[in-house]
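# Coordinates in review
Residue strings, one per chain:
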Amino acid sequence: GQQVMQIPQYQHVQEGEDFTTYCNSSTTLSNIQWYKQRPGGHPVFLIQLVKSGEVKKQKRLTFQFGEAKKNSSLHITATQTTDVGTYFCAANGSSNTGKLIFGQGTTLQVKP
Amino acid sequence: EAEVAQSPRYKITEKSQAVAFWCDPISGHATLYWYRQILGQGPELLVQFQDESVVDDSQLPKDRFSAERLKGVDSTLKIQPAELGDSAMYLCASSLSGLFNTEAFFGQGTRLTVV
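The structure displayed is predicted, hence computed values, not measured ones.

Reading the values: rules and limits
Every residue gets a number counted from 1 within its own chain, in the order that chain's sequence is written. Just so you know, chain letters begin at A and ligand numbers begin at 1, following the order they were written in. Local features in this predicted model are restricted to residues of pLDDT 70 or higher, and side-chain atom pairs are both shown and tallied only at a pLDDT of 80 or more, whereas totals for entire chains, interfaces and linings draw on every residue. The basis for every side-chain value is the complete set of heavy atoms in the structure, and neither hydrogens nor water enter the calculation. Helix and strand definitions here come from DSSP, where helices need a minimum of 4 consecutive H or I residues and strands a minimum of 2 consecutive E residues; each element is numbered from the N-terminal end. Three labels apply to residues, based on accessible area from a 1.4 Å probe with only protein chains included: buried if under 20% of the type maximum, exposed if over 50%, partly exposed otherwise in between. In what follows, a contact means two residues having at least one pair of non-hydrogen atoms within 4.5 Å. In short, buried area is how much 1.4 Å probe accessible area vanishes from two parts on joining, totalled over both. Just to be clear on terms, a salt bridge is a Lys or Arg side-chain nitrogen sitting within 4 Å of an Asp or Glu carboxyl oxygen. We call two N or O atoms a polar contact when they sit within 3.5 Å, provided that within protein one can donate a hydrogen and the other can accept it, with sequence-adjacent residues counted only if both atoms are side-chain atoms. By the convention adopted, Pro, Cys, Tyr, Trp, Phe, Met, Ile, Leu, Val and Ala count as nonpolar, Lys, Arg, Asp and Glu as charged, and the other residues, Gly among them, as polar. Any two strands with at least two DSSP bridges between them are considered paired. Here an axis means a line fitted to C-alpha atoms, over the contact stretch when the element is a helix, while the angle between two N-to-C directions is reported on a 0 to 180 degree scale. Here, two cysteine sulfur atoms that lie within 2.5 Å of each other are counted as a disulfide.

### Remarks on the environment of B:Q59
All names here are of chain B.
- Its place among the elements puts Q59 in the loop between β6 (53-56) and β7 (65-68).
- Here Q59 falls in the partly exposed class, since its relative accessible area comes to 42%.
- Along the backbone, Q59 and L46 are 13 residues apart, and their C-alpha atoms lie at a distance of 5.2 Å.
- For Q59, the residues in contact, after removing those within four places along its chain, are E44, L45 and L46.

Here it is in structure tokens:
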């Protein structure tokens, strides 16, 4: 079945450093969503990317969707302790059934 | 703000017993998902409903798991009999229309421990 691979699994950064997580699929995606899960919490929607090559920004967060619609990235500039959590990409395959498949997530730890 | 409601929040059960989880999605949301999340991993899709119909249950272990959404509103996920490996967080999510890829809203989840 469809899978999305996410790397790295863990990332420890000093507060103020940048952070990037990558999501890759072997198949073309109709769109991709990003979620954040705080420790002990549930996933919360951040953004959705639909168009090839799309770039969206939310304050210090920059989201990109690859030209081939097979990969995506989330970049955080100047991390803060409030950025701690696990970031998941969730993909919808090209058949667009609404089936939302999650990656394994990248857990971000930020040292103050 | 509307939320996805799940109950119970925590459940401890003995192996071979039956267990059931309930989910009430946000009003008007046609798509409902049940996910299982093992600690340190991403949510694994078990079943997806569009209104009262199952759209995808390819990852649902049908020998022991069942899910229903009879009136296209709330939903129940059942495990019978429970096994030790079923210990996980069970998350319910809903979206206005999964087919148009609107964002999914998650409930707080039910943490299941099988002993």
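### Overview of the interface of chain A and chain B
- Contacts between chain A and chain B engage 21 residues on the former and 22 residues on the latter.
- Buried surface at the junction of chain A and chain B, both sides included, amounts to about 1,600 Å², of which 48% is carbon and sulfur.
- Of all residues in chain A, the largest losses of buried area upon contact with chain B belong to A:H42, A:K99 and A:F102, amounting jointly to 29% of the total for that side.
- Scanning the region where chain A abuts chain B turns up one salt bridge.
- The shortest N-O distance in the salt bridge between B:D56 and A:K99 comes to 3.2 Å.
- The tally of links between chain A and chain B comes to seven residue pairs in polar contact (both at pLDDT 80 or more).
- Elements supplying a minimum of two residues to the side of chain A that touches chain B: β4 (29-37), β5 (44-49), β9 (85-93) and β10 (101-102) of chain A.
- In the side of chain A that touches chain B, the residues fall into seven nonpolar, 13 polar and one charged.

### Some thoughts on the sheet that holds strand β1 (residues 4-7) of chain A
All names here are of chain A.
- Here we have five strands laid out as an open sheet, ordered β1-β3-β8-β7-β6, and antiparallel in their pairing. One side of each edge strand has no neighbouring strand; the edge strands of this open sheet are β1 and β6 (55-58). Taking the axes of each pair of neighbouring strands and ignoring which way they run, one obtains an average angle of 15° across the sheet.
- The pairing of β1 with strand β3 (residues 19-25) spans four bridges and is antiparallel. Within β3, the position partnered with Q6 by the bridge is C23.

### A few points about the pattern of salt bridges
Residue and element names in this part refer to chain B.
- All told, the structure shown has seven salt bridges over all chains when counted by the stated rule.
- For the salt bridge of E83 with R64, the shortest nitrogen-to-oxygen distance reads 3.3 Å. Here the residue E83 occupies a position in the loop between β8 (75-79) and β9 (88-95), and R64 occupies one in the loop between β6 and β7, the gap between them amounting to 19 residues.
- Judged by its relative accessible area of 41%, E83 falls in the partly exposed class.
- Salt-bridge contacts for D86 lead to R64; the nearest nitrogen and oxygen are separated by 2.6 Å. Placement of D86 in the loop between β8 and β9 and of R64 in the loop between β6 and β7 is noted, with a sequence separation of 22 residues between them.
- Assessed through its relative accessible area of 2%, D86 is described here as buried.
- Residue R64 is classed as buried on the basis of its relative accessible area of 13%.

### Focus on the state of the cysteines
- This model, assessed by the stated rule, comprises two disulfides over all chains.
- Disulfide pairing is shown between A:C23 and A:C89; the S-S distance is 2.0 Å. Classification of the bridge connecting A:C23 and A:C89 rests on its S-S torsion, roughly 70°, and on that basis the disulfide is right-handed. You can see A:C23 sitting in strand β3 and its partner A:C89 sitting in strand β9, a full 66 residues away along the chain.
- Judged by relative accessible area, A:C23 falls into the buried class, the value being 2%.
- For A:C89, a relative accessible area of 0% gives the class buried.
- Residue B:C23 pairs covalently with B:C92 via a disulfide, S to S 1.9 Å. On the sign convention where negative means left-handed, the S-S torsion of about -65° between B:C23 and B:C92 marks this disulfide as left-handed. Residue B:C23 is found in strand β3 (residues 19-24), and its partner B:C92 is found in strand β9; the two are separated by 69 residues along the sequence. For the residue pair B:C23 and B:C92, the accessibility class agrees, reading buried in each case.

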